[in-house]
Amino acid sequence: MPSLDRPVAEERIERALLEQWDPLGVASTPGVHREYLHFAHELYNLLARGASDVQIARYLHHTEDADLGHPELVSRDLAPLVTELRTIERQL
């Protein structure tokens, strides 16, 4: 299987964030959503460097709290999203 180039991988990561994470609650509104593009870029970097599942979850929880102002989300289970990110990672 050919490997994903970075722009395609980041697009898939961004889509996974929108569909499975979405702390801003924008997925249900019509239109193009680029709110998570920066985070997809950072997650690509983490995956490319071999970050652990714990490191990825910590990054996402930190983002929810510090960057997006949703500390109440820090306790939610991110395992399904991390699994999806690992699927993307295997294609890099």
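Residues numbered from 1 in each chain as written. Predicted model: local features only at pLDDT ≥ 70, side-chain atom pairs only at ≥ 80, totals over all residues. Heavy atoms only, no water.

A. Expanded view of the overall build of the protein chain. The secondary structure content of the protein chain amounts to 4 helices and 0 strands. Listed N to C, the secondary structure of the protein chain is α-α-α-α in terms of helices and strands. For 92 residues, the compact-globule estimate of 2.2 N^0.38 gives 12 Å, and the C-alpha radius of gyration of the protein chain, at 13 Å, lies within 12% of that figure. In terms of overall dimensions, the protein chain has C-alpha extents of about 40 × 30 × 20 Å along its principal axes. Burial statistics for the protein chain: of 92 residues in total, 40% are counted as buried. (Helix = DSSP H or I, 4+ residues; strand = E, 2+ residues; numbered from the N terminus. Rg over C-alpha atoms; globule rule 2.2 N^0.38 Å. Buried < 20%, exposed > 50% of the residue type's maximum accessible area, 1.4 Å probe, protein only.)

B. Region of interest: the nonpolar core. Formed by 25 residues in total, the largest nonpolar core has its most connected members in I13, L17, W21, L43, I56 and L60. Counting only elements with at least two residues in this core, the list comes to α1 (6-20), α2 (37-48), α3 (53-67) and α4 (79-90). Considering each element in turn, this core owes the most residues, 6 residues, to α2. When residues no more than four places from it in sequence are discounted, the contact partners of W21 are A16, Y36, F39, L60, T63, E64, L68, R76, L78 and L81. (Core = buried A, V, L, I, M, F, W, Y, C linked by side-chain atoms within 4.5 Å. Contact = heavy atoms within 4.5 Å.)

C. Quick look at unusual backbone geometry. Positive phi is not limited to glycine here, since D22 has a value of about 40°. With respect to the element layout, D22 can be found in the loop between α1 and α2. For D22, a relative accessible area of 16% translates into the label buried.

D. Quick look at the pattern of salt bridges. Inspection of every chain in the model, using the stated rule, returns 6 salt bridges. E10 is the salt-bridge partner of R6, the closest N and O atoms lying 2.6 Å from each other. Of the two residues, R6 and E10 both sit in helix α1, 4 residues apart, roughly one turn of that helix. E14 serves as the salt-bridge partner of R34, at 3.2 Å between the closest nitrogen and oxygen. Taken together, the residues R34 in the loop between α1 and α2 and E14 in helix α1 connect sequence positions 20 residues apart. Through salt bridges that share partners, D53, R86 and E89 make up one connected network. (Salt bridge = Lys/Arg side-chain N within 4 Å of Asp/Glu carboxyl O.)

E. Highlighting the packing of α1 against α2. Running from N to C, α1 and α2 point in directions that differ by 115°, and their axes come no closer than 8 Å. The element α1 and its partner α2 pack so that their crossing is right-handed. Where α1 approaches α2, its residues R6, A9, E10, I13, E14 and L17 are matched on the opposing element by L37, F39, A40, H41, L43, Y44, N45 and L47. Residue classes in the contact of α1 with α2 are distributed as 9 nonpolar, 2 polar and 3 charged. (Axes fitted to C-alpha atoms, helices over the stretch in contact; angles between N-to-C directions. Left-handed = near helix turned anticlockwise from the far one by under 90°. Nonpolar A, V, L, I, M, F, W, Y, C, P; charged D, E, K, R; others polar.)

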